[in-house]
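# Report on the structure
Below are the chains, spelled out letter by letter.
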Amino acid sequence: MKQTPAEAAIRSEIARRGPVTFARYMQIVLHDPVFGYYARRVPGPGGDFETSPTVSPVFGACMAEAVERFWDELGRPDRLDVCEVGPGSADLVSAAMDNAPEGLRRAWSWVLVEPNPEVEQVQRARLDGRPVRWVRDLRQASPVNGCILANELLDTLPVHLVTRRKGELRELYVAAGDSLRLEPGPLSSPRLSGVEVGEGDTAEAGLAALDWVTQAAAVLEHGYLLLVDYTSVNRSTLRTYRRDDLGTDPLAEPGVRDITTHVDFDAVIREGEGAGLRVVTRCSQKDFLLATGLRERLEEMTSPDPQTLNARSAAALLAARGGLGDFEVLVMSRSAPDVPALRPAQRPAVPVPPRLGPGGSVPA
C-alpha cells in the first residue's frame, strides 16, 4: 500500500531517532501542521465526524446560557473573557453569538485558540467579521478572567501506550519495517510508573491531557473551565475513524484516519485540583443541556414543517442516551463562586421526534 505523507514523516523520524513513543506518533499523524489529520479536516457534515456544535446550533445556544450563568456569578463584570480551545468549524461560537442576550454580547470578549492557519481561515469565513480574536496557543490568551471552553478537545491529545510483560511495566513504541508496528521498550517518563494495567493488557496514559489542564489552570486567573468529552474508566479505548468506518488499528492509514481515546475525568479532576481548581459540577451532557435551556428551546420548535421538525430532531439528539447525551461535562473554577443553576436535576426524558427525509417522508 502506498505510504501516506504522515507515514513518510514518521518513518523519517524513526530512521533518525529510532522507535518513537505512541504519543509522538499521535502528535505527528493528528496534529502536524502539514501532514496531520486535523490540518486538513474540521468537523461537519460530509466529514469523518460530527461534534455537538455541528449537529445542532442549539448546543451553542445552551453554551451561551452557561456563559451567562458564569457572568452572573462573577457579578456581571464589564468585560468577560471567553476562550474556546479547539473551535473546529466555529459552529459553537457562531451559535452562541446568535443566541446570547445583548448585555452579554457587549461584555464578552471571544478568543479562539487555533494552531493551524488554514483552519483559522475556515473559521474566519464562518464567522464573517464577527468580533473574535485568534491566538495560536492557549498561553497567548493569558490571563483569562471569565471562562475557558473545550468541547471534545482532550480526546484528541496524544496518549502513551503502557503494557505489562512478565510483571514489568513497559511502554509500546512505534517502529518501522515493512510496515509500522508496536514494540515494547522502557518507560519514556517516570510519570508512567503509576499506570495500572494487567498482565498482557495495554492501557492509555493521557499525559498530554493532564498537561493541558495544568496549563489551562495557569491561564485562568478568575472564572471557570468547562470541558465536554466522552469519558471512560476503562484503560483501553483507543479507536480510529474514517467516515463511518470504526477501526482498532491506530497504525493504519496514518494521517488519514482520526485517532481518539476516551478521557479519564477522574484524573483530570485530580490534576485540576492540584493546580488550584475546584469542581463546580460534573454531569452528563444531557443533564447539562437541560439545565441550560434545551427543553425550552425544543418546545419553541412548534412548526410542523419538515425543516423545523428536522431541526428539532437534531437538537434532541444532543441529549440522546447511548449517544451525545452520555458525554460528560466538567466545570471547574478558580476564585469564582459555585453555579447552582448548572447542577443537574431530575427532569423527564427528552422526546426525539423522527428526522424527516426529502419531501417530508420519514426514512425507513
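The structure under discussion appears in the preceding block.
Presented here is an overview of the structure given in this document. Quantities reported herein were computed from a predicted structural model and do not represent experimental measurements.

## Thoughts on the pattern of salt bridges
Per the counting criterion, the structure on display carries 23 salt bridges. Two residues, aspartate 137 and arginine 139, come together in a salt bridge whose shortest N-O distance is 2.9 Å. With relative accessibility at 24%, the residue aspartate 137 sits in the partly exposed group. Residues arginine 282 and glutamate 328 are paired through a salt bridge, measuring 2.8 Å at the closest nitrogen-oxygen approach. Of this pair, arginine 282 sits in strand β14 (residues 278-284) while glutamate 328 sits in strand β15 (residues 328-334), placing them 46 residues apart in sequence. Overall, the relative accessible area of 17% leaves glutamate 328 in the buried class.

## Here's the deal with helix α13 (residues 306-317)
The end-to-end C-alpha distance of α13, which contains 12 residues, comes to 17 Å, matching closely the 16 Å that a straight helix rising 1.5 Å per residue would cover. Buried within α13 are the following residues: Thr308, Asn310, Arg312, Ser313, Ala314, Ala315 and Ala316. As for α13, its buried residues are in contact with α4 (52-55), α5 (58-73) and α12 (294-300). Where α13 begins, one side-chain oxygen reaches toward the backbone nitrogen of glutamine 307, 3.2 Å away; that side chain belongs to aspartate 305.

## Examining helix α2 (residues 22-31)
Counting buried positions along α2 yields seven of 10 residues, so the element is predominantly enclosed. Along α2, the positions that sit buried rather than exposed are Phe22, Ala23, Tyr25, Met26, Ile28, Val29 and Leu30.

## Remarks on unusual backbone geometry
In this structure, the amide linkage connecting serine 142 to the following residue, proline 143, adopts the cis form with an omega of -5 degrees. Locating proline 143 in the fold gives a position in the loop between β4 (132-135) and β5 (144-151). Even without being glycine, arginine 76 reaches a positive phi, approximately 50 degrees. Locating arginine 76 in the fold gives a position in the loop between α5 and β2 (80-85). Classification of arginine 76 by relative accessible area gives partly exposed; the value is 43%. A positive phi angle, near 70 degrees, is found at alanine 90, a position not held by glycine. Residue placement: alanine 90 occurs in the loop between β2 and α6 (91-99).

The rules behind these values
- Residues numbered from 1 in each chain as written.
- Predicted model: local features only at pLDDT ≥ 70, side-chain atom pairs only at ≥ 80, totals over all residues.
- Heavy atoms only, no water.
- Salt bridge = Lys/Arg side-chain N within 4 Å of Asp/Glu carboxyl O.
- Buried < 20%, exposed > 50% of the residue type's maximum accessible area, 1.4 Å probe, protein only.
- Helix = DSSP H or I, 4+ residues; strand = E, 2+ residues; numbered from the N terminus.
- Expected span 1.5 Å × (residues − 1).
- Contact = heavy atoms within 4.5 Å.
- Polar contact = N/O pair within 3.5 Å; in protein donor to acceptor, adjacent residues only side chain to side chain.

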